[in-house]
Amino acid sequence: MALAAADAERFTEFERASPEALGLLMLQADPHAGRLDRATQLAAVSDALADGIAAAGNLRARFPASGPEQIARELGLPVETTDDDPMVGSIWRFAEYRPRPPRIVLYRRGLSPLERVLTGSRAVQLLGEATPRDIFIAHELYHHIESTRPDVPIARRYQPTLFRIGNWHWRTGIAALAEIAAGAFAQALLELPCHPKALDFVVLHAIAVT
Ligand SMILES: [Zn+2]
């Protein structure tokens with residue numbers, strides 16, 4: 001993969017960024033996060049990271065030697081692959097959790113730029129022993145666990161008030177928190193060298209040069 005100097009610098013920044021810094025970037029990109037003050041944003045990011053790491057620890061204890069696909073199978077959760085266009089609006093899809101009925105869907109054409117450019121030492125640096133497929137199955141496993149446990153979903157634990165009329169508050173959840181947690185979950189479950197959010201940048205670059 002050939003990177004322009006500025007790109008390479010930004011990319012290295014992404015890889016080196018702590019999960020907290022990356023989490024904060026992800027949170028600040030959420031349309032509703034701006035309504036939380038800075039201290040609440042930091043607390044929300046640490047909560048999301050801790051939740052992902054704890055959920056990964058629980059699953060690892062239940063399935064000490066299984067990869068994500070095998071864990072999905074043990075949980076009775078089908079993993080399907082689609083050839084659908086990964087691009088929807090400005091969103092590039094790698095995988096999706098669909099709750100009814102519960103299953104994980106992988107976008108073959110979404111993952112292929114990663115598989116194409118991440119080879120050799122570059123792959124080891126970003127993925128460790130894991131493959132992109134492992135990482136996105138692990139990410140979606142978190143969404144499955146979250147939607148099937150009794151706890152309040154992480155996205156709804158911090159609910160900014162959108163507007164207020166008298167005693168009536170219209171509140172919203174913050175979807176980015178579930179994504180931060182799912183990334184931390186995948187990183188912990190697979191012992192990845194960096195938060196998988198860094199892979200977005202790889203794809204952005206791979207698509208831009210092809
Ligand atoms: Zn997700």
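Everything here concerns the structure above.
Residues numbered from 1 in each chain as written. Predicted model: local features only at pLDDT ≥ 70, side-chain atom pairs only at ≥ 80, totals over all residues. Heavy atoms only, no water.

Engineer: What exactly am I supposed to notice about the overall build of the protein here?
Structural biologist: Across its full length, the protein holds 9 helices and 7 strands. Burial statistics for the protein: of 210 residues in total, 45% are counted as buried. Once local pairs closer than 6 in sequence are excluded, the contacts in the protein between residues at least 24 apart make up 65%. Here the protein has roughly 11,000 Å² of accessible surface; of this, 54% comes from carbon and sulfur atoms. (Helix = DSSP H or I, 4+ residues; strand = E, 2+ residues; numbered from the N terminus. Buried < 20%, exposed > 50% of the residue type's maximum accessible area, 1.4 Å probe, protein only. Contact = heavy atoms within 4.5 Å. Areas by Shrake-Rupley, 256 points an atom, 1.4 Å probe, with all protein chains shown as cover.)

Engineer: Just to check I follow, could you spell out the coordination of the zinc ion for this structure?
Structural biologist: Ideal geometry at a metal centre gives angles of 109.5 degrees when four donors are arranged tetrahedrally and 90 or 180 degrees when six donors are arranged octahedrally. For the zinc ion, the protein coordination sphere consists of His139 (NE2), His143 (NE2), Glu179 (OE) and Glu179 (OE), at 2.0 to 2.8 Å. In this structure, the zinc ion is surrounded by 4 donor atoms whose angles at the metal cover 51 to 133 degrees, and the resulting shape is irregular. Sequence spacing among the residues donating to the zinc ion works out to H-x3-H-x35-E. Within this pair, whereas histidine 143 is found in helix 7 (residues 132–148), its partner glutamate 179 is found in helix 8 (residues 175–190), the two being separated by 36 residues in sequence. (Donors = N, O, S within 2.8 Å, 3.2 Å for Na, K, Ca; no water. Tetrahedral: all angles 85-135°; square planar, octahedral: opposite > 155°, others 65-115°.)

Engineer: Any chance you could explain the pairing of strand 5 (residues 103–107) here in plain terms?
Structural biologist: Looking along a regular strand, one sees the side chains alternate between the two faces of the sheet. By the criterion of burial, strand 5 is predominantly enclosed, with 5 of the 5 residues buried. Across the two faces of strand 5 the burial is the same, with Arg103, Val105 and Tyr107 and Ile104 and Leu106 all buried. Relative to strand 5, strand 4 (residues 95–98) is paired through 4 bridges, and the arrangement is antiparallel. Across the sheet, residue tyrosine 97 finds its bridge partner in strand 5, namely isoleucine 104. (Pairing = 2+ DSSP bridges.)

Engineer: Looking at this structure, how should I read unusual backbone geometry?
Structural biologist: Trans is the prevailing form of peptide bonds, just as negative phi is the prevailing case for residues other than glycine. A cis geometry characterises the amide bond from arginine 100 onward to proline 101, with omega recorded as -10 degrees. Looking at the element boundaries, proline 101 is found in the loop between strand 4 and strand 5. With phi around 50 degrees, glutamate 191 is a residue other than glycine that occupies positive phi space. For glutamate 191, the position within the fold is in the loop between helix 8 and helix 9 (198–209). According to the relative accessible area criterion, glutamate 191 is exposed, its value standing at 69%.

Engineer: Please explain the pattern of salt bridges as it appears in this structure.
Structural biologist: As a working rule, side chains carrying opposite charge can pair if their charged atoms are close by. Tallying each qualifying case throughout the model produces 9 salt bridges. For arginine 103, the salt bridge is made with glutamate 80, and the minimal N-O distance between the two is 3.2 Å. Here arginine 103 is found in strand 5, whereas its partner glutamate 80 is found in strand 1 (residues 79–82), with 23 residues between them in sequence. For glutamate 96, the salt bridge is made with arginine 93, and the minimal N-O distance between the two is 3.6 Å. Residues joined in a network through salt bridges with shared partners are Asp51, Glu146, Arg149 and Arg157. (Salt bridge = Lys/Arg side-chain N within 4 Å of Asp/Glu carboxyl O.)

Engineer: Explain the packing of aromatic side chains to me, please; I cannot follow it from the model alone.
Structural biologist: Two aromatic rings are characterised by how far apart their centres lie and by the angle between their planes. Evaluated as defined, the whole model comprises 2 aromatic pairs. Ring centres of tyrosine 142 and phenylalanine 185 lie 5.7 Å apart, and the angle between their planes is 55 degrees; on these two criteria the pair is classed as tilted. Remark: phenylalanine 185 occurs in helix 8 and tyrosine 142 occurs in helix 7; sequence separation between them is 43 residues. Its relative accessible area of 0% is what places tyrosine 142 among the buried residues. The buried category is assigned to phenylalanine 185, whose relative accessible area is 0%. (Phe/Tyr/Trp six-rings, centres within 6.5 Å; stacked < 30°, edge-to-face > 60°.)

Engineer: Could you clarify how one ought to interpret the side chain of glutamate 146 in this entry?
Structural biologist: Turning to its location among the elements, glutamate 146 is positioned in helix 7. A relative accessible area of 10% means that glutamate 146 is categorised as buried. Not counting residues up to four positions away in its chain, the partners in contact with glutamate 146 are Pro153, Ile154, Ala155 and Ala178.

Shape descriptors only; they carry no functional weight alone.
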